[in-house]
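One letter stands for each residue in the lines below.
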Amino acid sequence: MALRGFQFNYDYIRDITLSPYVLFPYILIFFTRFFRIEDFKSILKSIHVVNILYLLLVSFTLIFDNQKFAMINFVEDCIKYLCFPNFFLFLSFSKLTKKQKIVSTLVFIVGFLIAILAARRSLVWIFAWTFMVFVFINYLRKGSKLKKIALILMTLVIGFGTTILYNLFFETLFGELVERLDSDTRGAVLRDFHNDMDTVSWIVGRGISGEYNLYETDYVFGSDDEMLEIRNIIEAGYLNLILKGGLVYLIPFSIIIFIALKNGIFKSKNYYLKVCSGFIILYVVECIPAGVFMFNIRFFLLWYCIAMCWNKKVINATDQEIEKHLV
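The following refers to the structure shown. (Residues numbered from 1 in each chain as written. Predicted model: local features only at pLDDT ≥ 70, side-chain atom pairs only at ≥ 80, totals over all residues. Heavy atoms only, no water.)

Attention shifts here to the overall build of the protein. Counting secondary structure elements, the protein contains 17 helices and two strands. The burial tally for the protein puts 44% of its 327 residues in the buried class. Carbon and sulfur atoms provide 67% of the accessible area of the protein, an area that totals close to 17800 Å². (Helix = DSSP H or I, 4+ residues; strand = E, 2+ residues; numbered from the N terminus. Buried < 20%, exposed > 50% of the residue type's maximum accessible area, 1.4 Å probe, protein only. Areas by Shrake-Rupley, 256 points an atom, 1.4 Å probe, with all protein chains shown as cover.)

Okay, the pattern of salt bridges next. Following the criterion strictly, the structure yields three salt bridges and no others. D39 is the partner of R36 in a salt bridge, and the nearest nitrogen-oxygen pair spans 2.8 Å. Looking at R36, the relative accessible area reads 41%, which means it is partly exposed. Residue D39 is classed as partly exposed on the basis of its relative accessible area, which comes to 21%. Measuring nitrogen to oxygen at the nearest pair gives 2.3 Å for the salt bridge that ties R298 to E286. Of this pair, R298 sits in helix 15 (residues 297–310) while E286 sits in helix 14 (residues 271–286), and the two are twelve residues apart along the sequence. (Salt bridge = Lys/Arg side-chain N within 4 Å of Asp/Glu carboxyl O.)

We now examine helix 12 (residues 237–245). Along helix 12, eight of the nine residues are buried, which leaves the element largely enclosed by surrounding structure. Looking only at helix 12, the buried set comprises G237, L239, N240, L241, I242, L243, K244 and G245. Trailing helix 12 by a residue or two, G246 shows a phi angle of about 70°, which is positive.

A few words on the state of the cysteines. Scanning the entire structure with this criterion turns up zero disulfides. With no disulfide of its own, C309 lies 5.2 Å from the sulfur of C276, the closest cysteine sulfur. Overall, C309 belongs to the buried group, its relative accessible area being 0%. (Disulfide = S-S within 2.5 Å.)

Moving on to the packing of helix 13 (residues 247–267) against helix 15. Each pair of packed helices can be described by the angle between their axes along with the distance between the axes. Remark: helix 13 packs on helix 15, axes separated minimally by 8 Å, with the N-to-C direction vectors making an angle of 60°. Accordingly, the angle class assigned to the pair helix 13 and helix 15 is oblique. Note on packing geometry: the crossing formed by helix 13 with helix 15 is left-handed. Of helix 15, the residues touching helix 13 (which contributes F253, I256, I257, I259, A260, N263 and G264) are W303, I306, C309 and W310. Partitioned by chemical class, the residues of the contact of helix 13 with helix 15 number nine nonpolar, two polar and no charged. (Axes fitted to C-alpha atoms, helices over the stretch in contact; angles between N-to-C directions. Parallel < 35°, antiparallel > 145°, perpendicular 65-115°, else oblique. Left-handed = near helix turned anticlockwise from the far one by under 90°. Contact = heavy atoms within 4.5 Å. Nonpolar A, V, L, I, M, F, W, Y, C, P; charged D, E, K, R; others polar.)

In structure tokens:
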């Protein structure tokens, strides 16, 4: 995949190395041999620092930006680069200190509210799934039957209550999100992608810097002048993997994910691999509307979770055995 379409010149090498979407996200797999379960607690501490940085950046943006969400793109990038790692911390709620729990919850709430106000459907989608996985790992997994039933009923009540509030107030308060939920903002791009991909491209991809042509840019972006006619990224994660490496890359990668989830969910009984499995599930779910590979903390964590779910010693270990070796 890396060699397909490779050009040995300065501009090409600069473009693929400086972009967080092109080369480096696909080489993170080679670092998995260095990942250890012993570093789990250190990772939680590091994400806690990132959470504090996220809250500071968002606060400064809202305070010093007179138009408030005029810098919404910056705030969204903060979510993608700094808030997403908090999902790992949030899923590990039972192993956090009191301070970490407070900060992690605050980051989750702030990020979710920004996703709603910015009318970003894919972000709202992943926040909702994160909360459901969080409840399962931390409250339903080992709870009593009565506790499980109570939590399920509470979830249903919240669901129906949210529906009623939506009908009464949501369109007035969050009209932009309602409009975006009802609009087709990516259909044209997806059609362009499918129309431009030939059989060979579907099978082996178009290389690490693979591109596709746009034909309906005015439909999505307002005018053709607002965007180039060629793109090297498509927001749907699984399609972006096909663009780069085709089915010959997507299928083995899917098998790796499947085995990791099988080991973490069914073979292992320890809490740590449940967290790792949950984090992997969030990536799989997000691959439908988004989930494009990026070179950032979140995808470092993804490969960490995959590596742990493939580690036989970790799979067979109990919580007590793992906690004896945590740094």
